[in-house]
Amino acid sequence: MFRSRYSISRRTFLRSASFSIAGAASSAVWLPSLSADSPRPEPLGEFAYNDVVLRSELHERQLRENHAVLMGLSDDSLLKPLRRMVGQPAPGAELGGWYLYDPNYDISTFGAGFAPGATFGQWVSALARMYAITGSKETRDKVLRLNRLYAQTISGDFYDKNRFPAYCYDKLVCGLIDSHRWAGDPDALSILQHTTDTALPHLPPKAVEQGEPWRPGKDESYTWDESYTIAENLFLAYQRGAGERYRALGVQYLANYFYDPLSEGRNALAGRHAYSHVNSLSSAMQAYLTLGSEKHLAAAKNGFDMVEAQSFASGGWGPDEQLRPTNSDEVAASLENTHNSFETPCGAYAHFKLTRYLLRVTRDSRYGDSMERMMYNTILGAKPLQPDGRTFYYSDYNFEGRKVYSENRWPCCSGTMPQVAADYRINTYFHNSDGIYVNLYLPSTVRWAQNGAQVSLTQNTAYPFDEIVQFEMTASKPTEFPANFRIPAWAEGASISVNGKRTVTPVQGSFASIRREWRTGDRVQLHLPMRTRLESLDSRHTDTVALMHGPLVLFPITKTNVQVTRRQLLAAAKNGTTRWEVKTGNGSIDMLPFLAIEDEPYSTYLKVS
């Protein structure tokens, strides 16, 4: 059993973590491009989880709910499938669902026993992040306890009996490096080394395409693993001090059969599993951040563009968990032939990571716009994770849509949803040595050191239900730096004032920068005009439209496709805080954002006459 060799205070630990994160890929890791005519600037840094305090009830409720569910799961239940798979005594109640280990599992059911123990590492990761946010001793104790109990189960049998050895290894790596970074677990990297030593003989020697056999004597279901996603966390392990071994493993598991065509602008997405391949683009981004590889940056950027081109107005993508060819009619057909439109918690997690990396590297506000669209129109409206494993899995963009729980308990999305709930903080603000970037507009406060001054920026707003965002600065001494505010591409006529006076004229689809000497009490007001507009599904289906208001999709609350004109939709009037009304010749249609829909039948798109 691993024992703690030393203790570490949360404040000291998180301060050092914050400084490391603030430097993005630190100087020991970050390599500027060697092929570009002029080197790219160092990527923007992420703040630590405890540098940002959120006051948005919607976001904080999701965090509290997920934290409570994870803290309520018994250690024995969490360890049960891991222990059973390696032949150890396994007391405690079964969680059931996908988390269950059943040696006689029937793959044709896709039901209970599909991915035993697969979410363990994600839950440890989420708890470590939640400790960084809350400072809860009970949470840190649980993280350390679970890691030590897990360490006793490490065995090749776990991987040999597993349909998803690379997937499970990847999640365990994530949990351990987050335990090290965010919970200060002094044994996490030692446990990681033991995990890697044990796992590698049971993994393919390189990233393998889904469906490609590599395990003799196993049926087709053993080819569904996701080794093409694991490089990201291996590179992160290297960055966090696990050793050169993990940099080499990251290179070894880069899915270049996928990245090479993408880097050349060729669509390699069609027919591939949606979530895992979008998630794999974060491995390409980490290849850029760790190795300085322009090829992998191009692959991630082009891949994002190709995904965006086949996305719904909500920002979601991949109906029936499949990516589509360029200029395909299959996305339009999905509005009638499936209710499995977007794998929401997993897809949002992958999307947030990818857009966060791209924004940090390029400083292009379009990635913040995409992140915001995804947040408000998908994951913030997901039904909450339940203690019995009921999990919101698919968003439904069918013309006859509903919000429902997955028929399977503890599926993969039960692992990513708690991670998403913790990560809103690190998506909201970024910074570099020069200044700060405000990406998301949420009631919040961020604190940091700038030019020797202790600075905080407090944001107050009812956005996206109000056009005004207000900021107040405090500084331990007057200090000059630029504050950069994302101006969404839809915000025509946006304006910024400082202490009541108009300043720069913002440009849509960019960051507006205000450089000045900031003092305590300085106030910034941002006005982002929101107009209703229509977005067609794509250029081939221009009469299939979604109604937008600022970053929000407004979903018609109706059981059937109603007759309505463009003019009637654009005349939608607000009728309450989160409700709009469209008047037609046959009556009125209520329009709600996704986060306000409960069990009402709805559609995402309407066909206009």
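Residues numbered from 1 in each chain as written. Predicted model: local features only at pLDDT ≥ 70, side-chain atom pairs only at ≥ 80, totals over all residues. Heavy atoms only, no water.

K.L.:
Can you break down the sheet that holds strand β13 (residues 510–518) residue by residue, with the values?
P.N.:
With mixed pairing, the five strands of this open sheet are ordered in space as β1-β5-β6-β10-β13. Each end of this open sheet is capped by a strand with a single partner; those strands are β1 (45–46) and β13. Taken together, the three bridges between strand β6 (residues 436–438) and strand β10 (residues 479–487) define a ladder with parallel strand orientation. Residue Val438 lies in a different strand from β10, and its bridge partner there is Phe485. In the packing of helix α16 (residues 365–377) onto the sheet, the strands contacted are β10 and β13, and the crossing angle to β10 comes to about 55°. In the packing of helix α17 (residues 413–428) onto the sheet, the strands contacted are β1, β5 (429–431) and β6, and the crossing angle to β5 comes to about 45°. (Pairing = 2+ DSSP bridges. Helix = DSSP H or I, 4+ residues; strand = E, 2+ residues; numbered from the N terminus. Contact = heavy atoms within 4.5 Å. Axes fitted to C-alpha atoms, helices over the stretch in contact; angles between N-to-C directions.)

K.L.:
Pulling in residues and values, what's your account of the pairing of strand β16 (residues 544–549)?
P.N.:
For β16, a buried count of six out of six residues is recorded, marking the element as mostly surrounded by other parts of the structure. Burial of the side chains of β16 extends over both faces: Thr544, Ala546 and Met548 are buried on one face and Val545, Leu547 and His549 on the other. Examined bridge by bridge, strand β15 (residues 532–536) and β16 share five bridges and lie antiparallel to one another. Each bridged residue has a counterpart across the sheet, and for Ser536 the counterpart in β16 is Val545. As defined by bridge partners, β16 adjoins strand β21 (residues 606–607) across two bridges and the pair is classed as antiparallel. Looking at β21, one finds that Val545 is bridged to Leu606. The sheet contact formed by β16 and strand β17 (residues 552–556) spans three bridges and is antiparallel. Note on β17: the bridge partner recorded for His549 is Leu552. The turn linking β16 back onto β17 is made up of two residues, and Gly550 within it adopts a positive phi angle of 60°. (Buried < 20%, exposed > 50% of the residue type's maximum accessible area, 1.4 Å probe, protein only.)

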